[in-house]
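Listed here are the chains, written in short residue letters.
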Amino acid sequence: MQDRVRIITRGGHGWTPRFPSIAAEARQLGYETLILDGEAVVLDYQGRSDFGMLQRALGKRPSLQDPREILFFAFDLLYVDGWDLRRLPLRERRWLLEPIIAGREGAIRLSEEVEADGEEFFRVACAHGLEGIIAKRLDKPYRSGRTDWWQKITCTRRDSFVIIGYEPSVVRGAIGRLLLGARKGNELVYVGGCGTGWSRQESEKLRELLDEIVTKSPAVDLKRKNAVFTLPVLIAEVEYRTWTDDGKLGHPSFKGIRERADDVEIYSLEL
């Protein structure tokens, strides 16, 4: 460990050069061999993990996010100085992990655990704008991948947004992404696109419907290559996890369509 550090993604890719601060701090942990399991994150100004900020920090284009902002939150210990710990229950692995990581405030930190009523903890997490919670069985050994012992439970929101256009799919006659708007005062503003949540047949029918209301005057000030703009008369019901820091929907999924004339409550942004 003193001389060699490897950072491997869940898919098996070696990404050590992309996490220089984490790799540098790992060399200071003081163990010959150590395997930690955890998650790389970038925290927003409220201390919440933000996947969009992480993507920008890892991106090749210039960004306000610096790779040195990426933190590694360790939540499991699999191997230490010749001892394979995977057969031990999580409770014991955490007991061994804590003295190694606890108290560190640099690039490597301990992912704190909370023993609580699951439903109440999940409600509070979602109310605070977190992406969700991870639920684990303390009495179980380590297994790669998702199991019934280890579940990721995400917070989702569902709101109504005006369809202001679409981007065609590479599949002939289908929708690639819906372009969506929200209220801001008396105007509509662009809040991103949604490209999932429909079948091929539903996508084709949706495009036929939108092609009947195409306009050359977009409802928002937006320039996008290949975009087809429509009259703002249809509403998309969209499920999503969060808002990105640039005011776009995070992980949106299409759930249905309604007419604006139905007096649907369109999502409103704060002025």
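Every value quoted in this text rests on a predicted model; they were computed, and no experiment measured them.

Novice: Let's hear about the overall build of the protein chain: which residues, and what values?
Specialist: Within the protein chain, the regular secondary structure consists of 5 helices and 14 strands. Across its three principal axes, the protein chain shows a C-alpha extent of roughly 70 × 40 × 40 Å. In the protein chain, which comprises 271 residues, the share counted as buried stands at 37%. Of all intrachain contacts in the protein chain linking residues separated by at least 6 positions in sequence, the fraction that spans at least 24 positions is 60%. Carbon together with sulfur atoms contributes 48% to the accessible area of the protein chain, which is approximately 17,000 Å² in total. Between the centroid of the 42 positive side chains of the protein chain and the centroid of its 42 negative side chains there is a distance of 6 Å.

Novice: Go over the state of the cysteines with me, naming the residues and quoting the values.
Specialist: Within this structure, the stated rule accounts for 1 disulfide. For the unlinked cysteine Cys194, the closest cysteine sulfur is that of Cys155, found at 19 Å. According to the relative accessible area criterion, Cys194 is buried, its value standing at 1%.

Novice: Kindly report on the nonpolar core, identifying the contributing residues and their values.
Specialist: The biggest cluster of nonpolar side chains holds 26 residues, and the ones touching the most others in it are Phe19, Ile22, Ile70, Leu77, Ile101 and Ile108. Secondary-structure elements contributing two or more residues to this core are helix 1 (20-26), strand 1 (34-41), helix 2 (51-58), strand 2 (71-80), helix 3 (90-101) and strand 4 (108-110). By size, the runner-up hydrophobic cluster in this structure holds 21 residues, among which are Tyr166, Ala182, Leu206 and Phe254.

Novice: Which residues make up the layout of surface pockets, and what values do they have?
Specialist: Space inside the second largest pocket adds up to approximately 640 Å³. Residue lining of the second largest pocket: 25 residues in total, with Asp50, Thr242, Trp243, Thr244 and Asp245 positioned closest to the centre. Looking at the lining of the second largest pocket, the elements with two or more residues in it are helix 2, strand 12 (242-243) and strand 13 (249-250). Here the lining of the second largest pocket gets 5 residues from one element, more than from any other, and that element is helix 2. Tallied by class, residues from the lining of the second largest pocket come to 7 nonpolar, 10 polar and 8 charged.

Novice: Just give me the short version of empty space enclosed by the protein, but keep the residues and values in it.
Specialist: In the structure shown here, the tally under the stated rule is 1 cavity of 30 Å³ or more. Taken together, Asp76, Leu90, Arg93, Lys136, Arg137, Lys140, Pro141, Tyr142, Arg143, Thr147, Trp149 and Trp150 make up the lining of the largest cavity. A breakdown of the residues in the lining of the largest cavity according to their chemical character gives 5 nonpolar, 1 polar and 6 charged.

Novice: A description of unusual backbone geometry should follow, citing residues and the corresponding values.
Specialist: Here the phi dihedral of Asn226 falls at roughly 75°; this positive angle occurs in a residue that is not glycine. Following the sequence through the fold, Asn226 ends up in the loop between helix 5 (200-211) and strand 10 (228-229).

Novice: Tell me about the pattern of salt bridges, residues and numbers included.
Specialist: Summed over all chains, the structure comprises 11 salt bridges. The salt bridge involving Arg104 is made with Glu25; its shortest N-O contact spans 3.2 Å. With a gap of 79 residues between them, Arg104 in the loop between helix 3 and strand 4 and Glu25 in helix 1 connect regions that are remote in the sequence. Judged by its relative accessible area of 11%, Glu25 falls in the buried class. In this structure, Arg137 engages Asp139 in a salt bridge whose closest nitrogen and oxygen atoms are separated by 2.9 Å. You can call Arg137 partly exposed: its relative accessible area is 41%. Within this structure, Glu167, Arg177 and Arg224 form a network of salt bridges that share partners.

Novice: Any chance you could break down helix 5 for me, citing the residues and the numbers?
Specialist: Helix length check: helix 5, at 12 residues, gives a terminal C-alpha distance of 17 Å against a target of 16 Å (1.5 Å per residue), a fit within 8%. For helix 5, every residue scored as buried is listed here: Ser203, Leu206, Arg207 and Leu210. For helix 5, the buried positions fall inside an angular range of 100° around the axis, keeping them on one side. Opposite its buried face, helix 5 presents the exposed residues Gln201, Lys205 and Glu208, each directed more than 90 degrees away. If you follow the buried residues of helix 5, they end up packed against strand 7 (157-168), strand 8 (175-184), strand 11 (234-240) and strand 14 (253-259).

Novice: Lay out the side chain of Thr215 in plain terms, naming residues and giving numbers.
Specialist: Structurally, Thr215 is set in the loop between helix 5 and strand 10. Within the structure, the side chain of Thr215 is placed 3.1 Å from the backbone nitrogen of Ser217, a separation counted as a polar contact. Thr215 has contacts with Phe229, Thr230 and Leu231, leaving out every residue within four places of it along the chain.

Novice: Summarise the packing of aromatic side chains; cite the residues concerned and give the values.
Specialist: Going through the model one piece at a time under the given rule, you end up with 9 aromatic pairs. An aromatic cluster is present here, built from Phe161, Tyr240, Trp243 and Tyr267 joined pairwise through their rings. Positioned above the aromatic ring of Trp15 is the side chain of Arg18, whose terminal nitrogen or guanidinium carbon lies 4.2 Å from the ring centre. Residue placement shows Lys136 over the ring face of Trp150; its charged tip is 4.2 Å from the ring centre.

Conventions used here
Residues numbered from 1 in each chain as written. Predicted model: local features only at pLDDT ≥ 70, side-chain atom pairs only at ≥ 80, totals over all residues. Heavy atoms only, no water. Helix = DSSP H or I, 4+ residues; strand = E, 2+ residues; numbered from the N terminus. Buried < 20%, exposed > 50% of the residue type's maximum accessible area, 1.4 Å probe, protein only. Contact = heavy atoms within 4.5 Å. Areas by Shrake-Rupley, 256 points an atom, 1.4 Å probe, with all protein chains shown as cover. Lys, Arg positive; Asp, Glu negative; His and termini not counted. Charge placed at Lys NZ, Arg CZ, Asp CG, Glu CD. Disulfide = S-S within 2.5 Å. Core = buried A, V, L, I, M, F, W, Y, C linked by side-chain atoms within 4.5 Å. 1 Å grid on protein atoms, 1.4 Å probe; cavity = no way out; pocket = protein on both sides within 12 Å on 5 of 7 lines; lining within 4 Å. Points joined across faces, edges and corners; volume = space filled by probe spheres on them. Nonpolar A, V, L, I, M, F, W, Y, C, P; charged D, E, K, R; others polar. Salt bridge = Lys/Arg side-chain N within 4 Å of Asp/Glu carboxyl O. Expected span 1.5 Å × (residues − 1). Arc of directions from axis to C-beta. Polar contact = N/O pair within 3.5 Å; in protein donor to acceptor, adjacent residues only side chain to side chain. Phe/Tyr/Trp six-rings, centres within 6.5 Å; stacked < 30°, edge-to-face > 60°. Lys NZ or Arg CZ within 6 Å of the ring centre and 35° of its normal.

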